[in-house]
Amino acid sequence: MERVNAWTTYKKREEKKVMDLGKAYRAFLDLSKTERECARETIRRAEKAGYVDLEKVESLKAGDRVYVNTMGKAVQLYIIGSEPLEQGINIVGAHIDSPRMDLKQNPLFEDTELAYLDTHYYGGIKKYQWVTLPLALHGVVAKKDGTVVDVVIGEDEDDPVVGISDLLIHLSATQMDKKASVVIEGEALDVIVGGKPLKDTEKEPVKAAILSILKEKYGMEEEDFLSAEIEVVPAGRSRDFGLDRSMVIGYGHDDRVCAYAEIEAMFKITDTPKYTCCCILADKEEIGSVGATGMQAHYFENALAEIMEKTGEYSELKLRRALKNSRMLSCDVSAGFDPSYAGMFEKKNAAFLGKGVCFNKYTGARGKSGSNDANAEYMGKLRAIMEEGKVVYQTAERAAAAPSPTSAPSTA
Ligand code: MN
């Protein structure tokens, strides 16, 4: 009887741990709907955990914790190790941008007394999933005087939301015959933002009404859209999913789920590690890791050079050695086996929900095209680390593309 009770207590405690983790993760997810929000939330948490801005420190020694903020959209966290940096560092990386719709530079227009915002979709989206949903606007407006105004509309209980219409079923005969890829065309992703005319104007009275709201609430002129970054994302919070609450449904799992695991892992390191630990949260993965905040830029290599300078060990050769000797887990979501689409998976090499962290030795398609393919020797070391740490893990082949620093060895 006592054994049964002990088991029940243990099980309850373990379940509570999982529930608490789910809750904490959901809070992070809800505060991080865009790369900017995720970067800001990460830095807020990092500062609380004792990390300081790399630009604000003169010198660094083992045990120091620093962060690097790249234009508010990408973040790196470092814990300086006791070994020289040229011996290599341990890196985990994830991306913090997610598929969405971005407002165009001249987005606002009126058609038949409805006001719309025109969008350009970002990353791989199934366009038909984005209609008839409550949508929120998140982003910034940078004004000519240098001020930057934050915009979040649609997340508060009392906030209005916006959305994209679809055709009623009675008029859909032609539409229903179309292929899913064109049933909603990219150019049709216009977000309805208003339908009430401003009385004292004649030309485009609904648009005029929206502009007066933007002016009143955000001090914004129509021209300010030219220097704005406003992202249209599903409105509302993440939720527990399933009657048993075994899953989480929410916008932006890809790839906040890895970002969250990585920053939590960094924060849980309390002593001074042997090798310097690095966590990279990158932007622009969804569109090819391009631009100044994507991994094709050199902010990682530049940060490492700065850190070596501040620990007093910089030289071009030592930096190259540090890059060569480093180890990395390039993290991203993988595809979980779905019984409803069983034919799309090869069961022996698929990932399953609840079976632990998943390693993809390689990705790619059609003859491993676009794959990176980690060394067998490296995979062997990982297996040993997982076993020693009693970490449940699995391996799979199918996965989304992941960020990888151009100079550091990229792996799974
Ligand atoms: Mn991803």
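Here, the structure is the one placed above.
Note that the coordinates shown come from a computational prediction; the quantities given were computed from them, not determined experimentally.

> What is the right way to read the overall build of the protein chain from this model?
Of the regular secondary structure elements, the protein chain holds 9 helices and 16 strands. With respect to the principal axes defined by its C-alpha atoms, the protein chain has extents near 70 × 60 × 50 Å. Looking at the protein chain residue by residue over its 412 residues, the buried ones come to 42%. A separation threshold of at least 6 residues defines the contact pool for the protein chain, and within that pool the share at least 24 residues apart is 71%. When the accessible area of the protein chain is evaluated, it comes to approximately 23400 Å², of which 54% is carbon and sulfur surface. Looking at charge distribution, the protein chain has the averaged site of its 55 positive side-chain charges lying 7 Å from that of its 66 negative ones.

> Looking at this model, I keep getting lost on the coordination of the manganese ion. Mind explaining?
Within the protein, the atoms that donate to the manganese ion are His95 (NE2), Asp254 (OD), Asp332 (OD) and Asp332 (OD), at distances of 2.0 to 2.6 Å. Along the chain, the residues donating to the manganese ion are arranged with the sequence spacing H-x158-D-x77-D. Here His95 is found in strand E4 (residues 90–95), whereas its partner Asp254 is found in helix H6 (residues 253–268), with 159 residues between them in sequence.

> I tried to follow the packing of aromatic side chains on my own but got confused; where do I start?
Aromatic ring pairs are described here by two measures, namely the spacing of the ring centres and the angle between the planes. Overall, the coordinates contain 9 aromatic pairs when judged by the stated rule. Judged by centre distance (5.6 Å) and plane angle (45°), the rings of Tyr25 and Tyr260 are tilted. Residue Tyr25 is found in helix H1 (residues 2–30), and its partner Tyr260 is found in helix H6; the two are separated by 235 residues along the sequence. For Tyr25, a relative accessible area of 8% gives the class buried. Take Tyr260: its relative accessible area is 7%, and that puts it in the buried class. Members of the aromatic cluster, joined through ring pairs, are Tyr25, Phe28 and Tyr260. For the cation-ring pair, Lys355 lies above Phe352, with the distance from its terminal atom to the ring centre recorded as 5.2 Å. Against the face of Tyr362 rests Lys368, its NZ or CZ located 3.8 Å from the ring centre.

How each quantity is defined
- Residues numbered from 1 in each chain as written.
- Predicted model: local features only at pLDDT ≥ 70, side-chain atom pairs only at ≥ 80, totals over all residues.
- Heavy atoms only, no water.
- Helix = DSSP H or I, 4+ residues; strand = E, 2+ residues; numbered from the N terminus.
- Buried < 20%, exposed > 50% of the residue type's maximum accessible area, 1.4 Å probe, protein only.
- Contact = heavy atoms within 4.5 Å.
- Areas by Shrake-Rupley, 256 points an atom, 1.4 Å probe, with all protein chains shown as cover.
- Lys, Arg positive; Asp, Glu negative; His and termini not counted.
- Charge placed at Lys NZ, Arg CZ, Asp CG, Glu CD.
- Donors = N, O, S within 2.8 Å, 3.2 Å for Na, K, Ca; no water.
- Phe/Tyr/Trp six-rings, centres within 6.5 Å; stacked < 30°, edge-to-face > 60°.
- Lys NZ or Arg CZ within 6 Å of the ring centre and 35° of its normal.

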